[in-house]
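Below, each chain spelled out in residue letters.
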Amino acid sequence: MAERLSARAALALVTDDFTELPYPARESGPDGPDGPLGWDGYDAARAGAAERTGESESVVCGTGSVDGTRAVLVSFEFGFLGGSLGERTGDRLEAAHTHAREHRLPVAVLVATGGSRMQEGMLALAQLQRVARQSVLTREAGLPQIAVLRDPTTGGGWATLGAGADVVLALPGAQVGFAGSRVRPVDADPAAYTAEAQVAAGAADAVVPAGELRAVLGRWLRLLTRSSREPAPVPEPLGARDLPASGRDAVRRARAPERPRAGAYLDAYFSERAAISGDRCGGTDPGMLCGFGERDGRTIAYAAQAGTATRPAGYRTAARLLRLADRLGIPVLTLVDTPGAANDAEAERQGAGAAIADLFGAVAAARTPVTSLLIGEGGSGGALALAAPGRTWATPDSYFSVIAPELAAAILKRPPERVAETADQLRLRPQDLAELGVIRTGDQMFPGTGDRHP
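Below you will find a few notes about this structure. (Residues numbered from 1 in each chain as written. Predicted model: local features only at pLDDT ≥ 70, side-chain atom pairs only at ≥ 80, totals over all residues. Heavy atoms only, no water.)

Attention shifts here to the pairing of strand E10 (residues 288–295). The side chains of a regular strand alternate, first on one face of the sheet and then on the other. A large share of E10 lies buried, amounting to six of its eight residues. With five bridges joining them, strand E9 (residues 272–276) and E10 adopt antiparallel strand pairing. Residue pairing in the sheet places Ala-275 in a bridge with Gly-291 of E10. By the bridge criterion, eight bridges tie E10 to strand E11 (residues 298–305) in an arrangement that is antiparallel. Looking at the pairing, Phe-292 lines up with Ala-301 of E11. Taking the residues that link successive antiparallel strands as the turn, the E10-E11 hairpin has two residues, and the phi of Asp-296 there is positive, at about 55°. (Buried < 20%, exposed > 50% of the residue type's maximum accessible area, 1.4 Å probe, protein only. Helix = DSSP H or I, 4+ residues; strand = E, 2+ residues; numbered from the N terminus. Pairing = 2+ DSSP bridges.)

A cis amide bond links Asp-151 to the next residue, Pro-152, at an omega of -10°. Checked against the element boundaries, Pro-152 lands in strand E5 (residues 145–154). Its identity as a non-glycine residue notwithstanding, Arg-104 has a phi of 55°, on the positive side. Mapping Arg-104 onto the fold places it in the loop between helix H3 (87–103) and strand E4 (107–113). Of note, the phi angle at Arg-280 is positive, near 65°, even though the residue is not glycine. Inspection of the secondary structure puts Arg-280 in the loop between E9 and E10. Residue Arg-280 is classed as partly exposed on the basis of its relative accessible area of 25%.

Before going further, it helps to examine the packing of aromatic side chains. The final tally for this structure, using the stated rule, is three aromatic pairs. Ring plane angle 70° and centroid distance 6.1 Å describe the contact between Trp-220 and Phe-292, whose orientation is recorded as edge-to-face. Note that Trp-220 is positioned in helix H8 (residues 213–224) and Phe-292 in strand E10, a separation of 72 residues in sequence. Across the pair, exposure class does not vary: Trp-220 and Phe-292 are buried alike. An angle of 45° between the planes, with centres 5.4 Å apart, marks the rings of Phe-270 and Tyr-302 as tilted. A residue pair is termed long-range when its members are at least 10 positions apart, and Phe-270 in the loop between helix H10 (262–269) and E9 and Tyr-302 in strand E11 qualify at 32 residues. Here Phe-270 and Tyr-302 have matching classes, each one buried. Over the face of the ring belonging to Tyr-42 we find Arg-46, whose NZ or CZ atom lies 4.3 Å from the ring centre. (Phe/Tyr/Trp six-rings, centres within 6.5 Å; stacked < 30°, edge-to-face > 60°. Lys NZ or Arg CZ within 6 Å of the ring centre and 35° of its normal.)

Its twelve residues give helix H2 (residues 42–53) an end-to-end C-alpha distance of 16 Å, which sits within 8% of 16 Å, the value for a rise of 1.5 Å per residue. Among the residues of H2, those classed as buried are Tyr-42, Arg-46, Gly-48 and Ala-49. Taken down its axis, H2 places every buried residue within 165° of arc, on the same side. Facing away from the buried side of H2 by over 90 degrees, the exposed positions are Ala-44 and Glu-51. Buried positions along H2 lie against H3. Looking one or two places after H2, you find Gly-54, whose phi comes out positive at around 80°. (Expected span 1.5 Å × (residues − 1). Arc of directions from axis to C-beta. Contact = heavy atoms within 4.5 Å.)

Under the defined criterion, the tally for this structure stands at 33 salt bridges. Among the salt bridges present, the one from Asp-43 reaches Arg-46, with a minimum N-O distance of 3.0 Å. A residue pair is termed a helical-turn pair when its members lie 3 or 4 positions apart in one helix, as Asp-43 and Arg-46 do in helix H2 at three residues. The partly exposed category is assigned to Asp-43, whose relative accessible area is 33%. The closest approach of N and O atoms between Arg-429 and Asp-432, which form a salt bridge, is 2.9 Å. The burial state of Arg-429 is the same as that of Asp-432; both residues are buried. (Salt bridge = Lys/Arg side-chain N within 4 Å of Asp/Glu carboxyl O.)

This paragraph deals with the side chain of Glu-294. Among the structural elements, Glu-294 can be located in strand E10. Accessibility expressed as a relative area gives 17% for Glu-294, which makes it buried. With residues near it in sequence (within four places) discarded, Glu-294 still touches Arg-222, Leu-223, Arg-226, Phe-270, Ser-271 and Glu-272.

Laid out in structure tokens, this is it:
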């Protein structure tokens, strides 16, 4: 089991200048004896919790600088009735979000909770709706929200403040899950209820050691609070500079193992970057790299295919990235490189068509500028879904095609020796795509051509 830090010890991991916010008085007036339900012994339990922890409620709220970025910080005190949410917890969380919106500050919540406070019954459970509403208002205001999952993060706290955040980080070994340890099936695998399992399942972005939390959280806050209206610049090609002579040559180059892949482009493009992971629906795809990076003092979001067949989780993760960047006003760079969407039976069961449609919609709806670069294979709709209409460029060692030439030849019942002819007929070379008006060109791609676009 991970170390259970107090609320203020957790805050000390990320900031040195925490300033507590004033807490609102209850608008509905004071509780009766033993709380709103008259739960026998509740007043004594609260008094005992306050004496043990030095806190008057299960959350501590305030502001502080995290590695140079000012933020509203909320930290749960698990020692106060299991970090449970009651009406006064809701008061504090609402006040914290209101302060964030009034002062245009991001919100970071250091979560450690067992869920809703049973001694307040449905009034406690209803705080989840209240918290969700505040999160939505903060989201609509264009402010980022980051959750840090401590031990434990269960129940409604996980299902609202934790899983509902834009970026979800977790401390190693933290117990994380909707079901707390005392209410799970007796035969449940405890390994499924961990931070590491949630990252593997696509529900959280990264596990961060406590000693690295300040730097990682600070990086995220810095990256997510720098909006820009300027499009992301087109990356320089890292591979071939001359254009392919034939369709077969274009395909051969794009499929060459030594051709630069997404990782090389991202390393050359960004001075630092932070990755998001997972589709929040139970899946991850290592072949889709998504996150936010810094280039020349600006934040640019990225979604990059890594040359493998893209799985449904990859499309959903990219759509998540697009929508988050759009809401925060951050330009996006996409790198297109896939032989196509994964077409195995499991991909169909995971909703490949719906996932691709969702990404097409996210790109089409984006108000923030999206810049796309084809860096390798552009295999049909599985590649096109990541490409921005009218703002797609291509490197000389790439191709884009409605279908792979081998498959086109098979459909047309042509023998293998006619695959090269079919590749030429498909007009899939970068220069063909430029002539067709599918991609834009410029001196950095095709020397001496100037710039033209559809």
